[in-house]
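Below are the chains, spelled out letter by letter.
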Amino acid sequence: MLKVVLIFFVGVVGLCAAAAQLEEVFAWKEVSFAWPSEEAKNEAVKTGDYIVHNNLPLGVERWRDRIFVTVPRWKAGVASSLNYVPLTPANKTASLIPYPDWKANTLPKGEEKPTENAVISTFRVKVDACDRLWVMDTGLADILGSPNLVSPPAIVIFDLKTDKLIRRYTLKDSDLKGEESFFANIVVDATPDKCDEAFAYIPDLGGYGLVVYSFAENDSWRIKHNFFHFDPLSGDLTIGGVNFQWTDGLFGLALSPQNENGYRTLYFHALASTNEFSVNTEVLRNKTLATDPSQYNMFKLEGSKGPGSQTSASVLDEKTNILFLTQLCKDGVACWNTKKPLNPENLGLIVQDHENLIFTNDMKLDHERNLWILSDKMPIFIYKDLNPEEVNYRIFKVPVDEAIKGTICEA
Ligand SMILES: *[C@@H]1O[C@H](CO)[C@@H](O)[C@H](O)[C@H]1NC(C)=O
Ligand SMILES: *[C@@H]1O[C@H](CO)[C@@H](O)[C@H](O)[C@H]1NC(C)=O
Ligand SMILES: *[C@@H]1O[C@H](CO)[C@@H](O)[C@H](O)[C@H]1NC(C)=O
């Protein structure tokens, strides 16, 4: 009997070992920046404008040879919030290069006003199908210290081919729920043949709402729904050995391919929740309908992911209709084939690593169908102190087809 148990056990371990192999592309103990000069850096250190250990990479995105890395202003001394690192030449500890430049990423001093292309503090960014970079700028510096609203929350859109600002759109007061609003994510609904008809969907994790922005109308509106709230039974988290309680609502958004009418399904979840929901973008895009109480029943529960399955970011592979979901409490990433009902059995764990994947904070899918995963031990950064002698921040890459091989999500 013992033998049978042992064989079974070895078999299970074998399965785990067969999990997708991630390629570690970047691995930093602390991040460095490409300062214009050694003097500029030393001066920033002296004035406290640069405090090395307060710079936590959080968001990731790929465009061609660039990997964008955001560093939100959680604490004082963030050198630059929006940055990229080149993919070639390969260098796992490459310095972050401010985007579009240093000036746009420097906090205004005294009476100075931020420039139109300024990025004060951003958590996540999105590249769209039209070579544009959409940045959700919260405008808020030193969040955990003495919060300072440098400029109101805004969508900042750059042309990646010229690095020029296309548009800055400041959210309206009616898009916000006062000081409770917290915008840490953005997804973009755009097709290459209709770039001017793009929409952005922005979850409000603190105010439990969804802001929709129409590029054509240059207008925005706010949607509320009970499904945007957190689940009080899912907010007790232990990650990286740290226990904490969060109330984060609507957080992860992912879009399906277009249906015949040009609309998509938006999959969404609160962070402090183990459920996944969906709604058709036809509901969200119609300003009248979006704010009409009769739309309430057009939002659907897809199902439950099971205990300990809280997710920050999610992305959907349009070829397979597989949704990838970070698994914060499991130090990994899961998949769900949206053609199957969502339940714990249909959730496959594609990778798990209790050292290298502590807090899988952000994840993106590039046009070559590679998953990019950023892990950054954020709870230790927020509630304790990171050890600068260890690797704390990593960015991994894995092709989708390899990621799903042998999982419940395949076929
Ligand atoms: C990688 O980047 C770091 C930081 O800029 C630099 O110090 C180091 O020399 C680079 N390594 C190589 C092999 O170029
Ligand atoms: C978009 O709307 C804002 C006001 O809400 C306005 O300041 C801005 O100029 C408009 N941009 C364009 C390109 O129409
Ligand atoms: C928006 O929804 C309303 C209510 O269902 C409908 O009457 C209207 O035609 C829709 N507008 C568009 C542009 O689809």
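Scroll up for the structure.
Here is a short report on the structure shown in this document. (Residues numbered from 1 in each chain as written. Chains lettered and ligands numbered in written order. Predicted model: local features only at pLDDT ≥ 70, side-chain atom pairs only at ≥ 80, totals over all residues. Heavy atoms only, no water.)

## Comments concerning the sheet that holds strand 10 (residues 154–159)
Taking strand neighbours across the sheet as the criterion, the 4 strands line up as 6-7-10-11 in an open arrangement whose pairing is antiparallel. Strands with a single pairing partner mark the edges of an open sheet, and in this sheet they are strand 6 (122–127) and strand 11 (164–170). Across the sheet, the mean angle from the axis of one strand to that of its neighbour is 20 degrees, orientation sign disregarded. Of the pairings in the sheet, the one linking strand 10 to strand 11 comprises 6 bridges and is antiparallel in character. Across the sheet, Ala-154 pairs through a bridge with Thr-170, a residue of strand 11. (Pairing = 2+ DSSP bridges. Helix = DSSP H or I, 4+ residues; strand = E, 2+ residues; numbered from the N terminus. Axes fitted to C-alpha atoms, helices over the stretch in contact; angles between N-to-C directions.)

## What about the nonpolar core?
Counting residues in each nonpolar core, the largest one holds 44 residues, and the members touching the most others are Phe-26, Trp-28, Phe-33, Ile-67 and Ile-395. Breaking this core down by element, the ones donating at least two residues are strand 1 (23–28), strand 3 (66–70), strand 16 (236–239), strand 17 (242–245), strand 27 (370–375), helix 5 (378–383) and strand 28 (393–399). Those residues in contact with Phe-26 that sit more than four places away from it in its chain are Ile-67, Val-85, Pro-86, Leu-87, Asn-91, Lys-92, Ala-94, Tyr-393, Arg-394 and Ile-395. (Core = buried A, V, L, I, M, F, W, Y, C linked by side-chain atoms within 4.5 Å. Buried < 20%, exposed > 50% of the residue type's maximum accessible area, 1.4 Å probe, protein only. Contact = heavy atoms within 4.5 Å.)

## Re the side chain of Ser-309
Tracing the sequence through the fold places Ser-309 in the loop between strand 21 (300–304) and strand 22 (314–317). Here Ser-309 is in contact with Thr-274, Gln-327, Lys-330 and Leu-347, once residues within four sequence places are set aside.

## Regarding the layout of surface pockets
The gaps left among the atoms become clear once a water-sized probe is rolled over them. Looking at the largest pocket, its volume works out to about 890 Å³. Along the wall of the largest pocket there are 36 residues; nearest its centre are Lys-126, Val-127, Glu-318, Leu-365 and Asp-366. Secondary structure elements with two or more residues in the lining of the largest pocket: strand 2 (59–63), strand 6, strand 12 (187–189), strand 18 (250–255), strand 22 and strand 26 (360–365). Counted by class, the lining of the largest pocket contains 16 nonpolar, 4 polar and 16 charged residues. (1 Å grid on protein atoms, 1.4 Å probe; cavity = no way out; pocket = protein on both sides within 12 Å on 5 of 7 lines; lining within 4 Å. Points joined across faces, edges and corners; volume = space filled by probe spheres on them. Nonpolar A, V, L, I, M, F, W, Y, C, P; charged D, E, K, R; others polar.)

## Looking at the sheet that holds strand 24 (residues 332–337)
With antiparallel pairing, 4 strands are arranged side by side in an open sheet as 22-23-24-25. Each edge of the open sheet carries a strand with a single partner, namely strand 22 and strand 25 (347–352). Here the average twist between neighbouring strands, direction ignored, is 25 degrees. Where strand 24 lies against strand 25, 5 bridges are found, and the strand directions are antiparallel. Opposite Trp-336, over in strand 25, you have Leu-347 as the bridge partner.

## Topic: the site of ligand 2
What surrounds ligand 2 is the set Arg-167, Tyr-169 and Asn-218. Between ligand 2 and Asn-218, the relevant distance is 2.3 Å, taken from an oxygen atom to a side-chain nitrogen or oxygen of the residue. Protein coverage of the free-state accessible area of ligand 2, which is 360 Å², stands at 35%. (Near = heavy atom within 4 Å. Polar contact = N/O pair within 3.5 Å; in protein donor to acceptor, adjacent residues only side chain to side chain. Areas by Shrake-Rupley, 256 points an atom, 1.4 Å probe, with all protein chains shown as cover.)

## A look at the environment of Leu-237
Tracing the sequence through the fold places Leu-237 in strand 16. Note: C-alpha distance between Leu-237 and Asn-83 (154 residues apart in sequence) is 30 Å. Setting aside chain neighbours within four positions, we find Leu-237 in contact with Val-242, Asn-243, Phe-244, Trp-246, Leu-271, Gln-310 and Cys-329.

## So, the site of ligand 1
Residues in contact with ligand 1, as listed here, are Asn-91, Thr-93, Ala-94 and Ser-95. Between ligand 1 and the protein, one listed contact pairs an oxygen atom with a side-chain N or O atom of Asn-91 at 2.4 Å. One of the side-chain nitrogen or oxygen atoms of Ser-95 is found 2.7 Å away from an oxygen atom of ligand 1. Coverage of ligand 1 by the protein amounts to 32% of the 360 Å² it exposes when considered alone. Counted by class, the shell around ligand 1 contains 1 nonpolar, 3 polar and no charged residues.

## What to know about the pattern of salt bridges
Counted by the stated rule, this structure contains 26 salt bridges. Of the charged contacts, one joins Arg-168 and Asp-137 as a salt bridge, the two residues approaching to 3.1 Å between their closest N and O atoms. In this pair, Arg-168 sits in strand 11 while Asp-137 sits in strand 7 (residues 132–137), placing the two residues 31 residues apart along the sequence. Both residues of the pair, Arg-168 and Asp-137, count as buried. (Salt bridge = Lys/Arg side-chain N within 4 Å of Asp/Glu carboxyl O.)

## What to know about the state of the cysteines
Under the defined criterion, the tally for this structure stands at 2 disulfides. Shown here is the disulfide that connects Cys-335 with Cys-409, its sulfur atoms set 2.1 Å apart. Across the S-S bond linking Cys-335 and Cys-409, the dihedral sits near 95 degrees, which makes this disulfide right-handed. Within this pair, whereas Cys-335 is found in strand 24, its partner Cys-409 is found in the segment after helix 6 (400–404), the two being separated by 74 residues in sequence. When the cysteines of the protein that form disulfides are numbered from the N-terminus onward, they connect as 1-2, 3-4. This cysteine, Cys-329, is not joined by any disulfide, and Cys-335 carries the nearest cysteine sulfur, 18 Å off. (Disulfide = S-S within 2.5 Å.)

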